[in-house]
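The chain contents come next:
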Amino acid sequence: MSAPLSANEDRLRDIAHRLQLAMSAGEMGDWVWDANTGLMSLSPRAAEFFGMSPDAPVSREQLRGRVLPEDAVRTRLDFDRALLEHTDYRVEFRILRGRGAPLWVSAMGRGVYADNGNVMGMIGIIQDVTRQKLAEEALLESDRRKDEFLATLAHELRNPLAPIRQAVVIAQSPNATDAQRDWCHEVISRQVQNMALLLDDLLDISRITRGTLALRMQATDLTSIVEAAVETARPAIDAKRHVLTVQLPAERVELAADPMRLAQVLSNLLTNAAKYTDPDGRIGVSATSRDGVVTLSVTDTGIGIPPHAMGSLFGMFSQVKSGKDRSEGGLGIGLALAKGLVELHGGSIEAQSAGTERGSEFIIRLPIRTQQMRLAEQPIRPAAEIALRRRVLIADDNRDAAESLAMLLQMEGHEVTVVHDGREAVTAFEKTRPDTALLDIGMPGLNGYEIARLIRRAPHGRDITLIAVTGWGQDNDKAQATEAGFNHHFTKPVEPDAITALLARGPAPGK
Ligand code: ADP
């Protein structure tokens, strides 16, 4: 008789041991509430969560005393409701831990009932879920920042529309003078440029986060980068009458970099310095080179950066509250972009400020590394002196984009056919035999890639210059365009000069 009993005991002990292991692996404690005594017995782990001893059972009130007051009522109500309705008890709450941040726990329990339905008690587990809760909070915060970003983006995209609309109305008025019409055109051109810059930043940041932005590295003169950046930021600096000081090394410093991207970073910092400094401030940009490292610094006498904001400054969509009222708009992606671009160059960027109203300094450090540099792709050559007359086919379902481009090319002396659908593009190609086709990629009927393949298959389509014009400028879009037979790929909005320069270059090499 004794043998089976001991076997049973062994089995029970084994089960208990495994349960204990599983609970401890899951960082769980367990608890038992006895309805008779009204007391709760806690396992050592559960007791540890509450900062109590596991030896003596405690009342529910005593435990609630350790719970964050705003959570305590909920734990009591949920517990009682579970017993009343014979449902499982599941609750998340915070336990106070002295001066430290509270501990987030999740408790689950199930009632134990007598045959007559009387409540005998409840048995359950308790688990530390602080990590998950913090991750959840971080996600909510980033979601909130994204929502705020979308609202800002809508606002920033709408801003340039008001002057454009007004300029169009004025330019259309029969009473407008020639001078007023010229002014309208300048306004439209400037505002369109603003929108394009904004969208470029957005596309760049998405390329950086997806790791698809490629640098065009070349041996670059430091001075020319600084000069290009200053030229871009100059209107913003002058508009607020800031005094700009530029300090460059006397000797020529050459570094391996993508000059356009570095100038973009620097002009971004300079524009920020102008934006976040009250009129008549001082802005400085300096460059030094020592021990194979180039250090660029942009200083201002502006509103400064409070210490609490330093940590998130280079994060996406990050805008300092106090700075917001005093900026002239922005999406909060400029610094994230700057950081991404500098890091792609193998460098680092940091901000320093003595605090609010004490000015700021942004410091970039870049390795010089001219030796192992990859050579850059050749930029598009400038327009040839003598423009060639081309027969051009434009296919784009955005009628305004297509018609306006056609008008520009006609003004340059080219012969242009416009269609707005993929199938029409193929018919027009057969009928007009163009030597150049500008094809939008997303179009009804056939898409740009399909049209390009059809054209390349035709005997008279081998030598045609095919140009993809799309809203997507990712590297894999470009690769897809090349694979489909395109010679060139342009991202919208296309600079008209870039297209006219390309057309002036003569026929493309045959595909
Ligand atoms: P944006 O300027 O579009 O808001 P950025 O990413 O360029 O976005 O900058 C993020 C935030 O950093 C700004 O909103 C501003 O609060 C702060 N900031 C950037 N540059 C400066 C500066 N030179 N002085 C003070 N604050 C700055």
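Residues numbered from 1 in each chain as written. Predicted model: local features only at pLDDT ≥ 70, side-chain atom pairs only at ≥ 80, totals over all residues. Heavy atoms only, no water.

(A) Spatial organisation of the overall build of the protein. The helix and strand inventory of the protein stands at 17 helices and 18 strands. Relative to the compact-globule value of 24 Å for 511 residues, the protein shows a C-alpha radius of gyration of 34 Å, a clear excess of over 25%. Taken over the C-alpha atoms alone, the protein extends approximately 110 × 60 × 60 Å along its principal axes. When each of the 511 residues of the protein is scored for burial, the buried share is 41%. In the protein, the proportion of contacts linking residues at least 24 apart, taken out of those at least 6 apart, comes to 62%. Accessible surface computed for the protein: about 28,700 Å², of which carbon and sulfur atoms make up 54%. (Helix = DSSP H or I, 4+ residues; strand = E, 2+ residues; numbered from the N terminus. Rg over C-alpha atoms; globule rule 2.2 N^0.38 Å. Buried < 20%, exposed > 50% of the residue type's maximum accessible area, 1.4 Å probe, protein only. Contact = heavy atoms within 4.5 Å. Areas by Shrake-Rupley, 256 points an atom, 1.4 Å probe, with all protein chains shown as cover.)

(B) Main features of the site of the ligand. Looking at the ligand, there are 20 residues lining it, with Asn272, Tyr276, Asp300, Gln319 and Leu335 nearest. Here an oxygen atom of the ligand and a side-chain polar atom of Tyr276 are 2.7 Å apart. Within the backbone of Gly332, a nitrogen or oxygen atom sits 2.9 Å from an oxygen atom of the ligand. Protein chains shield 97% of the accessible area of the ligand, which is 530 Å² for the free molecule. Breaking the shell around the ligand down by element, the ones donating at least two residues are helix H9 (259-275), helix H12 (334-344) and strand E13 (360-367). Its residues assigned to classes, the shell around the ligand shows 10 nonpolar, 8 polar and 2 charged. (Near = heavy atom within 4 Å. Polar contact = N/O pair within 3.5 Å; in protein donor to acceptor, adjacent residues only side chain to side chain. Nonpolar A, V, L, I, M, F, W, Y, C, P; charged D, E, K, R; others polar.)

(C) Just the side chain of Thr75, in detail. With respect to the helices, strands and loops of the structure, Thr75 is situated in helix H4 (residues 69-85). One polar contact links the side chain of Thr75 to the main-chain carbonyl oxygen of Ala72, over a distance of 2.6 Å. Discounting residues that sit within four places of it in the chain, Thr75 has contacts with Arg64, Tyr89, Val91 and Phe93.

(D) Geometry of the sheet that holds E13. Read across the sheet, 5 strands follow the order E8-E10-E11-E13-E12 without closing on themselves; strand pairing throughout is mixed. Strand pairing shows two members of the sheet lacking a second neighbour, strand E8 (243-247) and strand E12 (348-352), which therefore form its edges. Adjacent strand axes in the sheet meet at a mean angle of 10° when their direction is disregarded. In this structure, E12 lies alongside E13, joined through 5 bridges in antiparallel fashion. Looking at E13, one finds that Ser348 is bridged to Arg365. Sitting on the sheet, helix H8 (residues 222-239) touches E8, strand E10 (282-290) and strand E11 (293-300), and the angle it makes with E8 is about 175°. Packing against the sheet, H9 makes contact with E8, E10, E11, E12 and E13, and its axis sits at approximately 20° to E11. (Pairing = 2+ DSSP bridges. Axes fitted to C-alpha atoms, helices over the stretch in contact; angles between N-to-C directions.)

(E) Quick look at empty space enclosed by the protein. For the structure shown, the criterion picks out 2 cavities of 30 Å³ or more. Forming the boundary of the largest cavity are 15 residues, of which Met40, Phe50, Leu63, Tyr89 and Phe93 lie nearest the centre. Elements represented by at least two residues in the lining of the largest cavity include exactly strand E2 (39-42), helix H3 (60-64), H4 and strand E4 (89-97). Across the lining of the largest cavity, the residue classes tally to 11 nonpolar, 1 polar and 3 charged. Taken as a whole, the second largest cavity spans an internal volume of roughly 40 Å³. Forming the boundary of the second largest cavity are Arg145, Glu148, Phe149, Thr152, Phe317, Gln319 and Leu331. Here the residues of the lining of the second largest cavity are counted per class, giving 3 nonpolar, 2 polar and 2 charged. Both domain 2 (140-210) and domain 3 (218-321 + 330-373) contribute no fewer than three residues apiece to the lining of the second largest cavity. (1 Å grid on protein atoms, 1.4 Å probe; cavity = no way out; pocket = protein on both sides within 12 Å on 5 of 7 lines; lining within 4 Å. Points joined across faces, edges and corners; volume = space filled by probe spheres on them. Domains from an automatic or database assignment.)

(F) Seen up close, a nonpolar patch on the surface. There is a patch of nonpolar side chains on the surface, built from Val32, Val112, Met120 and Ile123 and spanning about 310 Å² of accessible area. One can find Val32 in strand E1 (residues 28-34). (Patch = residues over 30% accessible without salt bridge, like charges linked within 9 Å, V, L, I, M, F, W, Y side chains within 5 Å. Salt bridge = Lys/Arg side-chain N within 4 Å of Asp/Glu carboxyl O.)

(G) Highlighting the nonpolar core. Residues Leu255, Leu270, Leu296 and Ile364 are the most contacted members of the largest nonpolar core, which totals 54 residues. When residues in this core are grouped by element, the largest group, 8 residues, is from H9. Both domains that meet at this core, namely domain 2 (140-210) and domain 3 (218-321 + 330-373), each give it at least three residues. Counting residues in each nonpolar core, the second largest holds 25 residues, with Ala47, Phe50, Phe79 and Met122 among its members. (Core = buried A, V, L, I, M, F, W, Y, C linked by side-chain atoms within 4.5 Å.)

(H) How the structure looks around unusual backbone geometry. One non-glycine residue with positive phi stands out, namely Glu27, at about 50°. Here Glu27 lies in the loop between helix H1 (2-25) and E1. The phi angle at Arg241 is positive, at roughly 55°, despite the residue not being glycine. Turning to its location among the elements, Arg241 is positioned in the loop between H8 and E8.

(I) Layout of the domain arrangement of the protein. As far as domains go, the protein holds domain 1 (24-128), domain 2 (140-210), domain 3 (218-321 + 330-373) and domain 4 (391-505). Of note, the centres of domain 1 and domain 3, computed from C-alpha atoms alone, are 55 Å apart.

(J) Examining the environment of Ala228 more closely. Relative to the helices and strands, Ala228 resides in helix H8. Placed 39 residues apart in sequence, Ala228 and Ser267 show a C-alpha to C-alpha distance of 8.0 Å.

(K) Region of the structure containing the sheet that holds strand E16 (residues 436-440). As summarised here, the arrangement of the 5 strands in space is E15-E14-E16-E17-E18, forming an open sheet in which the pairing is parallel. Edge strands, defined here as strands with exactly one partner in the open sheet, are strand E15 (415-419) and strand E18 (488-491). Going from strand to strand, the sheet's axes swing by 20° on average, the running direction of each strand aside. Inspection of the sheet shows strand E14 (residues 391-395) paired to E16 by 4 bridges, in the parallel sense. When the sheet's bridge partners are listed, Ala395 is paired in E16 with Leu439. Along the sheet, helix H17 (residues 496-503) contacts E14, E16, strand E17 (465-470) and E18; its crossing angle with E18, the most-contacted strand, is approximately 165°.

(L) Here's a closer look at the packing of helix H5 (residues 130-158) against helix H7 (residues 178-209). For the pair H5 and H7, interaxial distance at closest approach is 10 Å and the crossing angle is 155°. Taken together, the axes of H5 and H7 are roughly antiparallel relative to one another. Touching Phe149, Leu153, Glu156 and Leu157 of H5 are Met195, Leu198, Leu199 and Leu202, all from H7. Of the residues assigned to the contact of H5 with H7, the class counts are 7 nonpolar, no polar and 1 charged. (Parallel < 35°, antiparallel > 145°, perpendicular 65-115°, else oblique.)

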